[in-house]
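Each chain is listed here by its residues.
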Amino acid sequence: MTTAGKRMWAAGGTVVAAAAVNVATGMLTQKWTLAWWLCTTVAVVIGGGLQAWLTMSDRAAARRQEVEDVDVDGALAQRLPGAGEQVVRRAKVNGDLTQEQSG
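Residues numbered from 1 in each chain as written. Predicted model: local features only at pLDDT ≥ 70, side-chain atom pairs only at ≥ 80, totals over all residues. Heavy atoms only, no water.

S.K.: Hey, could you go over the pattern of salt bridges for me, with residue numbers and the actual values?
M.R.: Counting across every chain of the model gives 7 salt bridges. For E85, the salt bridge is made with R64, and the minimal N-O distance between the two is 2.3 Å. Taken as a pair, E85 in strand β4 (residues 85-89) and R64 in strand β1 (residues 64-68) lie far apart in primary sequence, 21 residues in all. The class for R64 is partly exposed, based on a relative accessible area of 32%. Close ionic contact of R89 with E68 constitutes a salt bridge, the shortest N to O distance being 3.4 Å. Linking R89 in strand β4 with E68 in strand β1, this pair joins segments that are 21 residues apart in sequence. Residue class for R89 comes out partly exposed when judged on its relative accessible area of 31%. Taking relative accessible area as the criterion, E68 reaches 32% and is therefore assigned partly exposed. One network of salt bridges, in which partners are shared, links R64, E66, E68, D69, E85, R89 and R90. (Salt bridge = Lys/Arg side-chain N within 4 Å of Asp/Glu carboxyl O. Helix = DSSP H or I, 4+ residues; strand = E, 2+ residues; numbered from the N terminus. Buried < 20%, exposed > 50% of the residue type's maximum accessible area, 1.4 Å probe, protein only.)

S.K.: Let's hear about the side chain of N22: which residues, and what values?
M.R.: Here N22 lies in helix α1 (residues 3-29). Among the residues examined, N22 registers a relative accessible area of 9% and is labelled buried. When near neighbours in sequence (up to four residues on either side) are disregarded, N22 contacts W32, A35, W36 and C39. (Contact = heavy atoms within 4.5 Å.)

Shown next, in the form of structure tokens:
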């Protein structure tokens, strides 16, 4: 799923959860001020948690290097500082292929 798709589902889930809390609290207590405060709290907590999850998944996706469908007359080198994934697919390399990771 793309980042935009994840963000769409996260935003929708946050709104639905907050609305459900608002309606349920209002119906059970008939204290609508309390219902709105709880709704706002749920929206902030769930929204913040989902945004943290999205941020972490974006970082994990960013730690990937890919080379594919290339013809290289010389050497090909990939260098990635820190953890991540390096991929070479359907590549024709006439020299050395070097993949390095550090950290």
